[in-house]
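One letter stands for each residue in the lines below.
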Amino acid sequence: MVQLYNLHPFGSQRVVPCKQEPAHFCCGRDVLFVASTAASCRVEVFAVRDQGLCEPLGSFATLGPVLRMAHSQAGDYLVTIEEKSKATFLRAYMNWRCMSAGSSRVCVRMVGHKLEESYSETLKEQMSIVEMPLSDPPLCISCCPVNGDLLVGCKNKLVLFRLKYLMMHQSLTVLDFERSLILHMDNVIPAEVAFCARHIAITTELEVLILKLELVQQSAEGTEQCAVEKPVGGGLKDEGPSKENLQLELDEFIICQKPVELRGEECKLCEIPITLESTELPTEDTKRFQVRYLLFRHFTPDQSPFGFCEETKLHSVQLLPVYQTGSSVTAHEEAENKRELLSLFCFFSLPHVGYLYSVGNVVELISTYQYSEKSEQAVLTPQFLHVITSESLQCFTVRCSAAAARDEDPYIDTTVKACPPVTLDVCTLRMQLFIGPRAICHFKNHIILLTKAVTEDITERRKPTRRMLSRKADSIKSRTNSESEPGWNLYIINTVSTTQLYREMVDYSRTYENVKTESCIHLLSEAHLLVRAAIMDPCFLDSDEKEELLTAFRESCAFLGDCYSRFDTKDYHLALPYYRMSGLSMAEVLKRLVSEGDEMQTYERGFVFYLTHSLNEDSNEELSKESANKVLQVFHLADPVQLPHILCSTCMRNVCPSTAVSYLQKVEKIAPSVVLTLTKAFMALKMGDLMLYEHEMDSYKETVLACGFAGQPKLLMQRKEGIVTPTEFAVHLKEMQPGLLVAAIVALHENSKIELEEADTFFKILCSNSENTVPQLLVDFWEALLVVCSQEEVLQELVLRVTSQYVWRISKQQLPETKPLKTAEDLINSSKHYGLIFPWITSIMSVASPADKDYHEDISKLQALLCSQSIDIASALPLLEPLTEAGSIGLAVRVLCSTRLGQHEEALDQLLTGSPDAAVLYAQYELKDERRAMWWNKLLPELCKRARFLGTDCPVLISALKETLSVVATELEPRDFLSLLPEDGAAAFFLPHLLHCSQRKLLT
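A brief look at the structure comes next. What you are looking at is a predicted structure, and each value in this text was computed from that prediction instead of being measured. (Residues numbered from 1 in each chain as written. Predicted model: local features only at pLDDT ≥ 70, side-chain atom pairs only at ≥ 80, totals over all residues. Heavy atoms only, no water.)

## A word on the overall build of the protein
Alright, step 1. Summing up its helical and strand segments, the protein has 33 helices and 35 strands in all.
Alright, step 2. Here the protein, with 1004 residues, has 51% of them falling under the buried criterion.
Alright, step 3. Restricting to contacts in the protein with at least 6 residues of sequence separation, those with at least 24 account for 65%.
Alright, step 4. Carbon and sulfur atoms make up 51% of the accessible area of the protein, which totals about 46800 Å². (Helix = DSSP H or I, 4+ residues; strand = E, 2+ residues; numbered from the N terminus. Buried < 20%, exposed > 50% of the residue type's maximum accessible area, 1.4 Å probe, protein only. Contact = heavy atoms within 4.5 Å. Areas by Shrake-Rupley, 256 points an atom, 1.4 Å probe, with all protein chains shown as cover.)

## Brief notes about the nonpolar core
Alright, step 1. Counting residues in hydrophobic clusters, the biggest one holds 179 residues, and the most contacted among them are Phe607, Met652, Phe729, Leu741 and Phe781.
Alright, step 2. Not counting residues within four places of it along the chain, the set of residues in contact with Met652 comprises Leu615, Leu623, Ala628, Val631, Leu632, Ile646, Leu647 and Lys686.
Alright, step 3. In this structure, Cys267, Cys270, Ile274 and Leu276 belong to the second largest nonpolar core, which totals 51 residues. (Core = buried A, V, L, I, M, F, W, Y, C linked by side-chain atoms within 4.5 Å.)

## Here's the deal with the packing of helix α27 (residues 887-900) against helix α28 (residues 904-914)
Alright, step 1. The contact between α27 and α28 brings their axes to 8 Å, and the two run at 160°. Taken as axis vectors, α27 and α28 run roughly antiparallel relative to one another. For the pair α27 and α28, the sense of crossing is left-handed. Mapping the contact onto sequence places Leu891, Arg894, Val895, Ser898 and Thr899 in α27 and His904, Glu906, Ala907, Gln910, Leu911 and Gly914 in α28.
Alright, step 2. Residue classes in the contact of α27 with α28 are distributed as four nonpolar, five polar and two charged. (Axes fitted to C-alpha atoms, helices over the stretch in contact; angles between N-to-C directions. Parallel < 35°, antiparallel > 145°, perpendicular 65-115°, else oblique. Left-handed = near helix turned anticlockwise from the far one by under 90°. Nonpolar A, V, L, I, M, F, W, Y, C, P; charged D, E, K, R; others polar.)

## Quick word on the sheet that holds strand β17 (residues 199-203)
Working definition: the strands of a sheet are paired by backbone hydrogen bonds and lie parallel or antiparallel to each other.
Alright, step 1. Spatial ordering of the open sheet is given by β16-β17-β18-β22-β20, a layout of five strands whose pairing is antiparallel. Strands at the two margins of the open sheet, each flanked by one partner only, are β16 (192-196) and β20 (260-263). When the angles between neighbouring strand axes are averaged without regard to direction, this sheet yields 20°.
Alright, step 2. Judged from the five bridges that link them, β17 and strand β18 (residues 207-216) form a sheet pairing that is antiparallel. The residue bridging His199 from the neighbouring strand is Lys212, located in β18. (Pairing = 2+ DSSP bridges.)

## Some thoughts on the pattern of salt bridges
Alright, step 1. On inspection of all chains with the given rule, the structure shows 34 salt bridges.
Alright, step 2. Across the pair Arg29 and Asp76 runs a salt bridge, and its minimum N-O distance is 3.8 Å. Residue Arg29 is found in the loop between β3 (22-28) and β4 (31-36), and its partner Asp76 is found in the loop between β7 (66-72) and β8 (77-84); the two are separated by 47 residues along the sequence. Both residues of the pair, Arg29 and Asp76, count as buried.
Alright, step 3. Note that Arg719 is salt-bridged to Glu758, the shortest N-O span being 2.8 Å. Separated by 39 residues along the polypeptide, Arg719 in strand β34 (residues 717-720) and Glu758 in helix α20 (residues 756-766) bring together distant segments of the chain.
Alright, step 4. Sharing partners across several salt bridges, the network here consists of Arg29, Asp30, Asp76 and Arg97. (Salt bridge = Lys/Arg side-chain N within 4 Å of Asp/Glu carboxyl O.)

## Regarding the packing of aromatic side chains
Alright, step 1. The full count for this structure, using the stated rule, is 24 aromatic pairs.
Alright, step 2. Arranged with centres 5.3 Å apart and planes meeting at 85°, the rings of Phe762 and Phe763 form a pair that is edge-to-face.
Alright, step 3. Looking at Phe762, the relative accessible area reads 0%, which means it is buried.
Alright, step 4. On the basis of relative accessible area, Phe763 is assigned to the buried category, the value being 0%.
Alright, step 5. What links up through ring pairs into an aromatic cluster is the set Phe299, Phe348, Tyr355 and Tyr357.
Alright, step 6. A cation sits over an aromatic face here: Arg297 above Tyr355, 4.5 Å from the ring centre.
Alright, step 7. Of note, Lys686 hangs over the ring of Phe682, and the distance from its end group to the ring centre comes to 5.1 Å. (Phe/Tyr/Trp six-rings, centres within 6.5 Å; stacked < 30°, edge-to-face > 60°. Lys NZ or Arg CZ within 6 Å of the ring centre and 35° of its normal.)

## Some points on the environment of Ala743
Alright, step 1. Note on placement: Ala743 falls in helix α19 (residues 738-750).
Alright, step 2. Since its relative accessible area comes to 35%, Ala743 is described here as partly exposed.
Alright, step 3. Through-space distance from the C-alpha of Ala743 to that of Ala706 is 5.9 Å; in sequence the pair is 37 residues apart.

## Structural notes on the sheet that holds strand β11 (residues 127-131)
Alright, step 1. Reading across the sheet, the five strands line up as β7-β8-β9-β11-β10 and stay open at both edges, with mixed pairing between neighbours. Two strands lie at the open edges of the sheet, namely β7 and β10 (106-110), each paired on one side alone. Between one strand axis and the next, the sheet turns by 20° as a mean value, whatever way the strands run.
Alright, step 2. Here β10 pairs with β11 via five bridges, running parallel. Looking at β11, one finds that Cys107 is bridged to Ser128.

## Things to note about helix α3 (residues 400-408)
Alright, step 1. Within the span of α3, buried status applies to Cys400, Ser401, Ala402, Ala403, Ala404 and Ala405.
Alright, step 2. Buried-residue contacts for α3 involve β23 (315-323), β24 (341-349), β25 (353-359), β26 (363-370) and α7 (517-536).

## So, the packing of helix α22 (residues 792-812) against helix α26 (residues 873-880)
Alright, step 1. Contact pair α22 / α26: the axes reach a minimum separation of 9 Å and the direction vectors enclose 25°. By the angle between their directions, the pair α22 and α26 is classed as roughly parallel. The handedness of the crossing between α22 and α26 comes out as right-handed. Listed contacts from α26 to Leu800, Thr803, Ser804 and Val807 of α22 are Ser875, Ala876, Leu879 and Leu880.
Alright, step 2. When its residues are assigned to classes, the contact of α22 with α26 shows five nonpolar, three polar and no charged.

## A word on α26
Alright, step 1. Those residues of α26 lying buried are Ile873, Ala876 and Leu880. Buried positions in α26, seen along its axis, are confined to an arc of 60° and lie on one side of it.
Alright, step 2. As for α26, its buried residues are in contact with α22, α25 (856-867) and α27. (Arc of directions from axis to C-beta.)

## Focus: unusual backbone geometry
Alright, step 1. With a phi close to 55°, Asn187 is a non-glycine residue in the positive phi region.
Alright, step 2. By the element assignment, Asn187 lies in the loop between β15 (172-185) and β16.
Alright, step 3. Judged by its relative accessible area of 77%, Asn187 falls in the exposed class.
Alright, step 4. A positive phi is found at Arg198, a non-glycine position, where the angle reads about 65°.
Alright, step 5. In this structure, Arg198 sits in the loop between β16 and β17.
Alright, step 6. Arg198 gets classed as partly exposed once you look at its relative accessible area, which sits at 30%.

## Observations concerning the environment of Glu881
Alright, step 1. Position of Glu881 among the secondary structure elements: in the loop between α26 and α27.
Alright, step 2. Given a relative accessible area of 51%, Glu881 falls into the exposed group.
Alright, step 3. Each C-alpha atom, one on Glu881 and one on Val807, is 8.8 Å from the other, the two residues being 74 residues apart in sequence.

## A few points about the state of the cysteines
Alright, step 1. Tallying each qualifying case throughout the model produces zero disulfides.
Alright, step 2. Distance from the sulfur of Cys563, which forms no disulfide, to the nearest cysteine sulfur (Cys520) is 3.9 Å.
Alright, step 3. Here Cys563 falls in the buried class, since its relative accessible area comes to 5%. (Disulfide = S-S within 2.5 Å.)

## Brief notes about the environment of Val379
Alright, step 1. Turning to its location among the elements, Val379 is positioned in strand β27 (residues 375-380).
Alright, step 2. Taking the C-alpha atoms as reference, Val379 lies 8.6 Å from Phe347; in sequence the two are 32 residues apart.
Alright, step 3. Excluding residues that lie within four positions of it along the chain, Val379 makes contacts with Gln318, Phe384, Leu385, His386, Ile440 and His442.

What is shown is where atoms sit, not what they do.
Rendered as structure tokens:
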């Protein structure tokens, strides 16, 4: 469906002062080329100034009448198909601008001709005409707007000429062409071709084929590669009747094929085989291509009321590139070639309907244009589609910017950014009456229109009922003085500025604001896309309208946000991204949508959706008391269940707490919850009502309250510029209920509402500690998290953190600033990560210095941690380094580390040196099973050795030796046991153990 609006995209118009009747014309950069009819054989060149003023630059002769012409912005050359003596010629006019400087030198050469002979330092200011001979007459041409390559359509083939930049002298660069590729096709006579970024669109009378030339690697032998697409068996050809029957049918009927649309690989069924022939000289840099089919469409003769079957022909095929935003355009060709292509669109038209496809990453039909009357020609721009019919110039909107925006920005169609959909119905902005439009072209903000009326219609043109664009006096004068015949005119029509048309569309939309919601949104969407297309133009960065366009863009987003907020639409969620893109603050949006003192005002889903998401985000905006109370009123009326969450937002800091409590009490009657109770307690704290606070906090157990905080983290913490900061509620809990606070933060972490590093920052700010000191409340949090955490990476991090803190306190003899929430015994009983302390450690610590008694809890926690299987000893060794020489605790730590690392012999040496009485306990606990042999292989020899050296002066050592002998005597055979006894040992000491060993043997 095409909607019709009566807007004014066309501004002033002027008449181009042509000396002869135009046959063909085209635009390029800042100039207009006009080829005269057959009698003249000349091309006039006009410079197009501001407001469409045309100044003649000069003219140059052609070989014969011009049949086709095109200008390439890359390379700034003009290419023509000319006819002479019933033969057609392909010519390119290079360096034509020198003629405007007064130079009349012309160099005519064949393509690929040795340029040194044609160019010298004295003759560099001359126009160069390059003739490109072809084996078949050229039918149509197209220049690539990206790199300036030329595509020529001939019968059954397309010829590609590559544009080359040749450095002749230090200050002279000459353009030339090289015939690089021929695409051979069967039974195809191209009527029009379009060429852009290796994409090719070909039309015949009723068929369209879109291809892409893809680069392939050169074969290992270095031979020429080509891609041949052969027809697939079956194809579109049905098994029809015999030739005799077919001839009888043809005598009586007209046989029409069905309409066909094929995309991608299906296009091979169109039975148009293509063979690539590379014609350039092979070098290391030679590019090889293969063909990929993108789209094929076959149409049937038109049965519409606009024309008969024989008048149905495709026309106006065009490929439109859209570049990456910010790809600047300069006058230098090399800079132009660096523009990055973002999206590509293809347009083609039948007399009564036009089609716009996206042919970039995905081939997709974007829009279909139904014309009110038979079309003659159309031209596509990033902002509009201009169509001429027999009586009018029509201006349609397009969806190129909507599709390109989605290709460029992945955040579109999210809660961050939005853009009107590609499927949005197109509309007609204007149908401007003209008599006899014949041809049209476009560049920048100008439309070139050729009109030609039949003789009997000339008087009709002057009737006041015919509405035409106003002409300026000087234009009328120039038209009157021209030598042209009456009945034709070549107009240059200025389209109004984007901002001017945008303003008109916004004003027009207000007529639908309270009557027809869809039309209001549709027109504002059109205005938004109009501005977006202007911003995506490569010239935008250098545009004088840059600031105006950016302002209009933000304003259009705000208007669309208003629509989706005020109207009850299925796309109400779009209010959020549009308001975000508008740059409006929440307070400004509230001012736009909430009426003062209107307590009965209703609020639609879009507005509530916007407020909910905006308030739930970590924003630096802080609403005033009046604005915050407005938000309360909105949610009280529209979504009261959300009130507890809304009140916790950082934006609502200035809300009136007594008003909030009154609203919450009403909500509590219909939807009570823990979060609501906690929110009431928070508001009571702000009011200073401790009785109400205690009443609310006593409503649930602490475990339930901790889960409630997990349901709304903003009760305890707020994020400002990415940093987590505690709320007043958290500060109060720190003083009055630290256990609840720690349990709540643990619940937040386990529900992925806060990261470990953020919790560190939270507690440090809460306890006013510096970055390098760790408050006890944070250690309490780590210990509590160790009890419930199941993530292995987090566990290891926590174990190392608490280990580091225990070691630091013990080594620095620092007491915690507050009483720990859990003792070592609590942690051992509640967490598997704190193991039971080994008896031999207790034995070592029994002789600890009195100073260690002050840090008993930290020492016990550290030892319990090292006695568990959770800690990675290798990772913890650097942290434990400060304790290695610290008396009994140091010995216990060293032995524990050696044991956990499997170094039991080293552990025994350490014990025998530092605490011999603990050695036997250690052996009893650790030297079991496969390590049992260490009793007699390591422990017994070491004890004997040390006893021999110290004698009876060390009763502890003698006692340990006796216990060891008792154990070894029960394990070994008498012969083996005897061999272990020292030869110089006292018989009275060792004999009882030997007898015990022998008696055990006899009994067994």
